[in-house]
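Coordinates in review
The primary structure of each chain is shown beneath.
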Amino acid sequence: MSTAPAPGPRDPASALVFDDPLAQQSSDDTDQGWGERAPGGADGAADLARFLDEKPPHHL
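So, how was this worked out
Residues numbered from 1 in each chain as written. Predicted model: local features only at pLDDT ≥ 70, side-chain atom pairs only at ≥ 80, totals over all residues. Heavy atoms only, no water. Helix = DSSP H or I, 4+ residues; strand = E, 2+ residues; numbered from the N terminus. Buried < 20%, exposed > 50% of the residue type's maximum accessible area, 1.4 Å probe, protein only. Areas by Shrake-Rupley, 256 points an atom, 1.4 Å probe, with all protein chains shown as cover. Patch = residues over 30% accessible without salt bridge, like charges linked within 9 Å, V, L, I, M, F, W, Y side chains within 5 Å. Salt bridge = Lys/Arg side-chain N within 4 Å of Asp/Glu carboxyl O.

Thoughts on the overall build of the chain
For the chain, the helix and strand inventory stands at 1 helix and 0 strands. By the burial criterion, 0% of the 60 residues in the chain qualify as buried. When the accessible surface of the chain is summed, it comes to about 6,300 Å², and 57% of that surface belongs to carbon and sulfur atoms.

The following block contains the structure:
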């Protein structure tokens, strides 16, 4: 037979949370980071490099 763990103080950070996860905003719910241009101006070579870096693999 096994014995139950001794009762004692518990770490509140390890407690289960039963809140609705869809009620909270995630980082995917914001537009931050989408379409931002690099600082420095309108450099054509930099735009081309950014386009090639961000091009999806199915557009090769």
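A word on a nonpolar patch on the surface
The grouping of L48, F51 and L52 at the surface amounts to a nonpolar patch, some 310 Å² of accessible area in total. Residue position: L52 is located in helix 1 (residues 44-54). Classification of L52 as partly exposed rests on a relative accessible area of 46%.

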